[in-house]
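# Report on the structure
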Amino acid sequence: MQRIRTQSWFQTADGEPRGYIDPHALRELWFHTGTACNLACDFCLEGSSPGDKRLELVRFEDVTPFIDEALELGVEQFSFTGGEPFLAKQLIKILEYASRFRPCLVLTNGTAPLQRRFEQLLSLRHSLHPIHFRVSLDAPDEVTHDDGRGEGTFEAALKGMAMLHEAGFRVSVARHMADGEDSVAVESDYRRLLAARGLPEDLHLVAFPDFATPGSHPQVPQVTRHCMTTYQDEEGRRQFMCAYSKMVVKRQGQMRVYACTLVDDDEDYDLGGTLRQAMEQRISMKHHRCYSCFAYGASCSEA
Ligand code: SF4
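A brief report on the enclosed structure follows.

### Re helix α2 (residues 60–72)
Given a rise of 1.5 Å per residue, 13 residues ought to cover 18 Å, and the 19 Å separating the end C-alpha atoms of α2 matches this to within 8%. Its buried side turned inward, α2 meets β2 (28–32), β3 (77–81), α3 (91–98), β8 (245–251), β9 (254–258) and α12 (275–279). Directly after α2, the chain includes G74, whose backbone phi takes a positive value near 85°.

So, in structure tokens, the structure goes:
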């Protein structure tokens, strides 16, 4: 049964019809492993911190029914985000299962939780499908990165990246994107840093704007149906994450499917308890983060 939503799902406060996305395929399925993290960064778009339980840590038996259902729906990749996924005790077992069927992507801060479990991780080097890691390195300089994440985290993240790379895993980098930045210059700084640390300088860099913290309501322009038909065509609309992916979270003991990786703080985006049910639903661009998708093409996907 579909959720009954209020008028604000369909219309802006000015009465304009909101932009929307119709899902067309399930190419990528994300799992939120839980909002617990070893770090407590002010800017975290998930509001994660040590012991946080807004979204609960997932167990093997929580995720396997969704992996199986996603395979029936033709999924091409499984991806895992947190929090810090390596705080989920059964992550290695989950990855071992998921990578039997499809390539996997894991987002991590690269620090102690990953490094502590590195020996276990090595058993996944020869999985049938590759497992790829995206490590957060907010800035190409230690001062800026450590200012946000804590002293020593820049070096720890680089160490985690080097361990993964040397073990033969593919690695990419998640970075922050500042308003008005000179992206070419910023990315050359990253390339120089990576080369200096013996990492491939052409690692894929994924840039994220400031998404604000969960539950906040920053004032951004509304994405109306007019915006989505005037400035986007059908092909453009198909590139939004909610058109081809979904995210599964554990909240209050229940596994629920949300529209995408960016909107787990608004129950209007809870699409139900199965992927099939979720894929039938039109996604309204009501959330403030939908504007980031519209304006910057923000996407968590590398699929
Ligand atoms: S934030 Fe999520 S629901 Fe909104 S447009 Fe982006 S991908 Fe779609």
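Here the narrative resumes.
### Structural notes on the sheet that holds β2
Taken together, 8 strands build an open sheet; the order of strands is β7-β6-β5-β4-β3-β2-β8-β9 and the sheet is mixed. On the outer flanks of this sheet lie β7 (205–208) and β9, each paired with one strand and no other. Neighbour-to-neighbour, the strand axes of the sheet open up by a mean angle of 20°, direction not taken into account. Sheet analysis places strand β6 (residues 170–176) next to β7, joined by 4 bridges and oriented parallel. Paired with A174 across the bridge in β7 is V206. Lying on the sheet, α2 is in contact with β2, β3, β8 and β9; it crosses β2 at an angle near 170°. On the sheet, helix α7 (residues 153–166) packs against β5 (131–136) and β6 and is oriented at approximately 165° with respect to β5.

### Details of the packing of aromatic side chains
If you walk through the whole model with that rule in mind, you get 10 aromatic pairs. A centroid spacing of 5.1 Å and a plane angle of 70° characterise the contact between Y97 and F101, whose relative ring orientation is edge-to-face. Judged by relative accessible area, which is 14%, Y97 ranks as buried. For F101, a relative accessible area of 26% corresponds to the partly exposed category. Plain terms: the ring middles of Y231 and F294 are 6.4 Å apart, the flat faces sit at 70° to each other, and that makes the pair edge-to-face. One end of the pair, Y231, is in the loop between α9 (225–230) and α10 (234–237); the other, F294, is in helix α13 (residues 288–296), with 63 residues separating them in the sequence. With a relative accessible area of 58%, Y231 lands in the exposed category. Look at F294 and you get buried, because its relative accessible area is 19%. Each member of the aromatic cluster is reached from another via a ring pair, and the members are F31, F78 and F80.

### Observations concerning the site of the ligand
Looking at the ligand, the residues that line it are F240, M241, C242, C260, L262, V263, Y269, I283, M285, R289, C290 and C293. Looking at the shell around the ligand, the element that brings in the most residues is α13, giving 3 residues. Among the residues forming the shell around the ligand, the class breakdown is 11 nonpolar, no polar and 1 charged.

Basis of the calculations
- Residues numbered from 1 in each chain as written.
- Predicted model: local features only at pLDDT ≥ 70, side-chain atom pairs only at ≥ 80, totals over all residues.
- Heavy atoms only, no water.
- Helix = DSSP H or I, 4+ residues; strand = E, 2+ residues; numbered from the N terminus.
- Expected span 1.5 Å × (residues − 1).
- Contact = heavy atoms within 4.5 Å.
- Pairing = 2+ DSSP bridges.
- Axes fitted to C-alpha atoms, helices over the stretch in contact; angles between N-to-C directions.
- Phe/Tyr/Trp six-rings, centres within 6.5 Å; stacked < 30°, edge-to-face > 60°.
- Buried < 20%, exposed > 50% of the residue type's maximum accessible area, 1.4 Å probe, protein only.
- Near = heavy atom within 4 Å.
- Nonpolar A, V, L, I, M, F, W, Y, C, P; charged D, E, K, R; others polar.

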